[in-house]
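The chain contents come next:
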Amino acid sequence: MLETESFWGRRSFPRFPADRWAGRATCLRLWGRERESTPGPLLCGRPVPPAGPEVEGQPGAVWPGPGRLAGAAECTMLSCDICGETVTSEPDMQAHLLIAHMENEVICPFCKLSGVNYDEMCFHIETAHFEQNELGRNFERINPILYGTSDNRRDSAQQSRMEVHASIHSPCASNHPNISAQSQPKDGTLEHQAFFSENLTESRKFPGSKEKQSDLPKIKGPIYGTVYSPPECPFCGEIEDCTQDMETHVKTNHANLLDTPVKDCDQPLYDCPMCGLICTNYHILQEHVDLHLEESSFRQGTDRVQYSRDLELAHHLQEEEDRRRAEESRQEREEFQKLQRQYGLDNSGGYKQQLLRSMEREVNSGRMHPSEFHRRKADMMESLAIGIDDGKTKTSGIMEALHQHYQNAAPEVRQVWLSAAVDHFHSSSGDKGWGCGYRNFQMLLSSLLQNDPYHDCLKGRSVPCIPKIQSLIEDAWREGFDPQGATQLNDRLQGTKAWIGACEIYTLLTSLRVKCRIVDFHKSTGPLGTHPRLFEWILNYYSTEREGGPKVVCTSKPPIYLQHQGHSRTVVGIEERKNRTLCLLIFDPGCPSREMQKLLKQDMEANSLKQLRKFVGNLKHKQYQIVAVEGLLTAEEKIARRQASQVFTAEKIP
């Protein structure tokens, strides 16, 4: 291959016919002389002789290669003032300027932007002319139809695309000379430029052909006298002045050939009323709307099925919730009824009804003769009529027996304090399971009736029966004592098995003008849930002088009402042992008379006191309350305490 062919092949420059090489060389010579007249030696060497393919055939004719000048053995390297590329000869420099900076300048086919490299131009077209770029791709799909009628024109268009694409990928046309054609986009991003540059490239390829130029308007270029061809419509052949006009022409007159309909055109457009899609044909729009309706109908059917499932699930969940609530309500009713039965508020009758049912069961079982049943029933009715306890559950004289026992025995006891005389009352078949509070009040009242300071206040009274005690508490409520407690018990005790506690004992004693107070030991004060502070408080209550006194101290203090959860008892004394431990002496209404009567024997055994003795480790309930009597109340003090009982409070230890 000759050097001429290698030189132009490296630069992807088009090969002109032989008759054009002479004109090309002359143009280069003239342009070189003009450059030589400018200040400073930009180019060097002598004018380039005419050369071309026909010169290669002449004997001895040699075209100067890239490293030599014609007729010169040595040459100074020339550098381009625009891009800095270095060449070895003036013809190479002229060719470089023409190719790199005149013919191959990258220009946007939509807005004529220039002066940027290939990558920047691609980014510009993709961002600024995205819709026009899509239009160019539509043109590209119909190019084979347009250029299929003429072989010369097809070859010319193909060669023009190769020329423009090669010029874009030329190292001189980019600021990044290392970018190769393989790294460029392969999807024809700049095919707009290739399409609209076909006629322009053809005019550049044949500058000397007057036949080609006679059919097209001539526009003389500002740099070199090249003839340009305005863009031609690929559909109808109409020629416009610029690419913008051609785009407008194609969009308005040939929009139906494109992929998407174009607005602002003369033909009617139809908007989908459901999604806004623009259609150019009424039948297409109708099919499109039918699809919408089918989809809507399918969705409605699916929604109906889903709604039916959701409704079924909702019913199922509601049924489960109703069952759960019904079960919870049933359990609450059962627990409430159980509590009512436990505390005697289930309307199953009171003391009288329970006693009669108990005697009837004994008669039915054969343990009681019917005559005995009627006799006991008559005694009960008489006792209830007069309101006085029949004394069948009472045991008297125990305190005197205890005093005698401690005087003669109990060597392990250092000192003992006993309350005033008190009678023991135990539960009967008429109040079994709920009457402990009433029996403890009978014990306390029996001591007050035997104590002179309180005898005058309680003059004419006797130990009442349980129904009478219930009546006295109701009278105290009606006076205005403890309205909260009255509300909790429905303002009614007679005819019920309602339990009473420390508050009711306090209310009843206060209404009788007996001065007392409630002390609440609401939490344990010792190890393992014990209450040593309770024992210390009772010791301080009974004892005034602990040192130097007799072994047995019989005080005038009434017994103490002791309440804990589920049961109540009466404290009648306290022991202090030689090891300094304390032991309470307690009367329990649950202890029957036959056991208490063992304490009345002359030779009382030590084991008999076990049912009375309670050490610190024996009292481990979470909470204890005591009612301690401290004297009598005046009329004014009674009114004050009645007012204070509107909001019931108690002294708490600790």
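Parameters at a glance
Residues numbered from 1 in each chain as written. Predicted model: local features only at pLDDT ≥ 70, side-chain atom pairs only at ≥ 80, totals over all residues. Heavy atoms only, no water. Helix = DSSP H or I, 4+ residues; strand = E, 2+ residues; numbered from the N terminus. Buried < 20%, exposed > 50% of the residue type's maximum accessible area, 1.4 Å probe, protein only. Contact = heavy atoms within 4.5 Å. Areas by Shrake-Rupley, 256 points an atom, 1.4 Å probe, with all protein chains shown as cover. Axes fitted to C-alpha atoms, helices over the stretch in contact; angles between N-to-C directions. Parallel < 35°, antiparallel > 145°, perpendicular 65-115°, else oblique. Nonpolar A, V, L, I, M, F, W, Y, C, P; charged D, E, K, R; others polar. Phe/Tyr/Trp six-rings, centres within 6.5 Å; stacked < 30°, edge-to-face > 60°. Disulfide = S-S within 2.5 Å. Arc of directions from axis to C-beta. Lys, Arg positive; Asp, Glu negative; His and termini not counted. Salt bridge = Lys/Arg side-chain N within 4 Å of Asp/Glu carboxyl O. pLDDT = per-residue confidence, 0-100. Pairing = 2+ DSSP bridges. Expected span 1.5 Å × (residues − 1).

### Comments concerning the overall build of the protein
So, point 1. Counting secondary structure elements, the protein contains 23 helices and 15 strands.
So, point 2. In the protein, which comprises 654 residues, the proportion classed as buried is 43%.
So, point 3. Of all intrachain contacts in the protein linking residues separated by at least 6 positions in sequence, the fraction that spans at least 24 positions is 65%.
So, point 4. As displayed, the protein has an accessible area near 36,200 Å², and 51% of this comes from carbon and sulfur atoms.

### Focus: unusual backbone geometry
So, point 1. Here the residue pair Ile-653 and Pro-654 is connected by a cis peptide bond, since its omega of -5° sits within 30 degrees of zero.
So, point 2. If you check the backbone angles, Asn-347 has positive phi at about 55° while not being a glycine.
So, point 3. Note on placement: Asn-347 falls in the loop between α12 (282-342) and α13 (351-365).
So, point 4. Backbone geometry at Arg-580 places phi at a positive 70°, although glycine is not the residue there.
So, point 5. Mapped onto the elements, Arg-580 comes out in the loop between β11 (567-577) and β12 (582-587).

### Describing the packing of helix α16 (residues 436-449) against helix α18 (residues 466-479)
So, point 1. Here α16 crosses α18 at 90°, and the two axes come no closer than 10 Å. Judged by the inter-axis angle, α16 sits roughly perpendicular to α18. From α16, Tyr-438, Arg-439, Phe-441 and Gln-442 reach across to α18, where they touch Ile-466, Ile-469 and Gln-470.
So, point 2. Class assignment of the residues belonging to the contact of α16 with α18 gives a composition of four nonpolar, two polar and one charged.

### A few points about the packing of α13 against helix α14 (residues 370-386)
So, point 1. Their axes nearest at 10 Å, the elements α13 and α14 cross at an angle of 170°. Here α13 lies roughly antiparallel to α14, going by the angle between them. Judged by residue contacts, Tyr-351, Lys-352, Leu-355, Leu-356, Met-359, Glu-360, Glu-362 and Val-363 of α13 engage Pro-370, Phe-373, Arg-376, Lys-377, Met-380, Met-381 and Leu-384 from α14.
So, point 2. Residue composition of the contact of α13 with α14, by class: ten nonpolar, no polar and five charged.

### Side note on the packing of aromatic side chains
So, point 1. Scanning the model with the defined rule gives four aromatic pairs in all.
So, point 2. Ring geometry for Tyr-506 versus Phe-648: centroids 5.3 Å apart, planes at 80°, classification edge-to-face. Here the residue Tyr-506 occupies a position in helix α20 (residues 502-511), and Phe-648 occupies one in the loop between α23 (635-644) and β15 (651-652), the gap between them amounting to 142 residues.
So, point 3. When the ring of Trp-537 is compared with that of Tyr-541, the centres are 5.8 Å apart and the planes differ by 10°; the resulting orientation is stacked. Taken as a pair, Trp-537 and Tyr-541 lie in helix α21 (residues 532-542) at a separation of four residues, close to a single helical turn. An identical accessibility class is assigned to Trp-537 and Tyr-541; each is buried.
So, point 4. Three or more aromatic residues joined by ring pairs form one cluster here, namely Trp-537, Tyr-541 and Tyr-542.

### Focus: the state of the cysteines
So, point 1. Tallying each qualifying case throughout the model produces zero disulfides.
So, point 2. The structure places no disulfide on Cys-108, whose sulfur is separated from the nearest cysteine sulfur, that of Cys-111, by 3.5 Å.
So, point 3. Classification of Cys-108 by relative accessible area gives buried; the value is 1%.

### Digging into helix α15 (residues 398-408)
So, point 1. Among all positions in α15, only Ile-398, Met-399, Ala-401, Leu-402, His-405 and Tyr-406 are buried. An end-on view of α15 places all buried positions within 155° of arc, on one side of the element.
So, point 2. Where α15 ends, the next residue or the one after it, Ala-410, has phi of about 60°, a positive value.

### Comments concerning the side chain of Asp-520
So, point 1. With respect to the helices and strands, the residue Asp-520 is situated in strand β8 (residues 514-521).
So, point 2. This buried residue, Asp-520, is left without a salt bridge; Lys-652 holds the nearest opposite charge, at 4.9 Å.
So, point 3. With near-sequence residues (within four places) excluded, Asp-520 lies in contact with Gln-623, Tyr-624, Gln-625, Ala-650, Glu-651, Lys-652 and Ile-653.

### Quick look at the confidence of the model for the protein
So, point 1. Chain-level pLDDT for the protein is 76 on average; 70% of the residues reach the 70-or-more range.
So, point 2. Scored below 50 in pLDDT, residues 142-227 shows 132 contacts in the model against residues more than four places distant or in partner chains.
So, point 3. This model gives residues 261-265 a pLDDT under 50, and the stretch forms eleven contacts once residues within four places in sequence are excluded.

### Remarks on the pattern of salt bridges
So, point 1. The full count for this structure, using the stated rule, is 22 salt bridges.
So, point 2. Among the salt bridges present, the one from Glu-595 reaches Lys-598, with a minimum N-O distance of 3.3 Å.
So, point 3. Linked through salt bridges whose partners overlap, the residues forming this network are Glu-372, Arg-375, Arg-376, Asp-379 and Lys-392.

### Let's talk about the pairing of strand β6 (residues 413-418)
So, point 1. Of all six residues that make up β6, five are buried, and the element is covered over most of its length.
So, point 2. Two strands pair when backbone bridges link them, and β6 and β11 are joined in this way by five bridges, in the antiparallel orientation. Following the sheet pairing, Gln-415 is matched in β11 by Glu-576.
So, point 3. As paired elements, β6 and strand β9 (residues 552-554) share three bridges and run parallel to each other.

### Let's talk about α18
So, point 1. Between the first and last C-alpha of α18 there are 20 Å, a value that for 14 residues agrees with the 20 Å anticipated at 1.5 Å per step.
So, point 2. The element α18 is largely enclosed, with a buried count of ten among its 14 residues.
So, point 3. At its buried positions, α18 is contacted by α13, α14, α16, α19 (483-488) and α20.
So, point 4. Among the residues trailing α18, Gly-480 stands out with phi positive, at a value near 115°.

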